[in-house]
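Next come the chains, spelled out residue by residue.
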Amino acid sequence: MEQQDERRLHLLTPQQFHEAWPALRPILLTVEPHCHGEISVDDIPKLIDDRAAFALVMTDRGEACLVGIMEILEYPRKTVMNTIMVAGRDIRHFFTDCRDDVARIAKSLGATCIRGNMRPSVSRLLQRSTPRAREIYSVVEIDL
């Protein structure tokens, strides 16, 4: 229980992001191979600077242990907080301990839902951890 009280979720300002970048970059590099060439970790600072994305960081005893790079997508009938990348240790905490904080941040940004593309193993973990989680798409890609 004490360990849970040590964990905190932070929505970083661009300045805070750049100050934390040397610690965040190695964490995010662990998931870059799963991004299918859509984005590189080194693309993220520009997205943050352009306000096209933002960072959620969970700290444990003051150290970044989990990073979520998110964006807001506005569709005609729904506003989505889309997950670009999530990386770090104990990712389940993003779906459990921090779930309410993530939802509160999403709502404060006008989102009506949270979405992300993920590997099947992460999808299974999320669905076990979050009763409201459901698969809505299967993604197919054809290289040209």
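A brief structural summary. (Residues numbered from 1 in each chain as written. Predicted model: local features only at pLDDT ≥ 70, side-chain atom pairs only at ≥ 80, totals over all residues. Heavy atoms only, no water.)

**A word on the nonpolar core**
Argument step 1. The biggest cluster of nonpolar side chains holds 20 residues, and the ones touching the most others in it are Phe17, Leu24, Leu28, Ile44, Ile69 and Met85.
Argument step 2. Every element with two or more residues in this core is listed here: helix 2 (14-29), helix 3 (44-49), strand 2 (54-60), strand 3 (63-74) and strand 4 (79-88).
Argument step 3. Among the elements that line this core, the one with the most residues is helix 2, at five residues.
Argument step 4. The residues touching leucine 24, leaving out its near neighbours within four places in the chain, are Leu12, Phe17, Val57, Ala64 and Val67. (Core = buried A, V, L, I, M, F, W, Y, C linked by side-chain atoms within 4.5 Å. Buried < 20%, exposed > 50% of the residue type's maximum accessible area, 1.4 Å probe, protein only. Helix = DSSP H or I, 4+ residues; strand = E, 2+ residues; numbered from the N terminus. Contact = heavy atoms within 4.5 Å.)

**Considering the pattern of salt bridges**
Argument step 1. By the definition in use, this model includes six salt bridges.
Argument step 2. A salt bridge links arginine 25 to aspartate 42; the nearest nitrogen and oxygen atoms lie 2.8 Å apart. On the criterion of sequence distance, the pair formed by arginine 25 in helix 2 and aspartate 42 in the loop between helix 2 and helix 3 is long-range, its members being 17 residues apart.
Argument step 3. With a closest N to O distance of 3.9 Å, aspartate 60 and arginine 89 form a salt bridge. Note that aspartate 60 is positioned in strand 2 and arginine 89 in the loop between strand 4 and helix 4 (92-95), a separation of 29 residues in sequence.
Argument step 4. On the basis of relative accessibility, which here comes to 6%, the residue aspartate 60 falls in the buried class.
Argument step 5. Within this structure, Asp60, Arg61, Glu63 and Arg89 form a network of salt bridges that share partners. (Salt bridge = Lys/Arg side-chain N within 4 Å of Asp/Glu carboxyl O.)

**Quick word on helix 6 (residues 120-129)**
Argument step 1. Turning to helix 6, its buried residues are Val122, Ser123, Leu126 and Ser129. In an axial view of helix 6, the angular spread of the buried residues amounts to 135 degrees, which keeps them on one side of the axis. Along helix 6, exposed side chains directed more than 90 degrees from the buried face belong to Pro120 and Arg128.
Argument step 2. At its buried positions, helix 6 is contacted by helix 4 and helix 5 (99-108). (Arc of directions from axis to C-beta.)

Coordinates in, geometry out; function isn't part of it.
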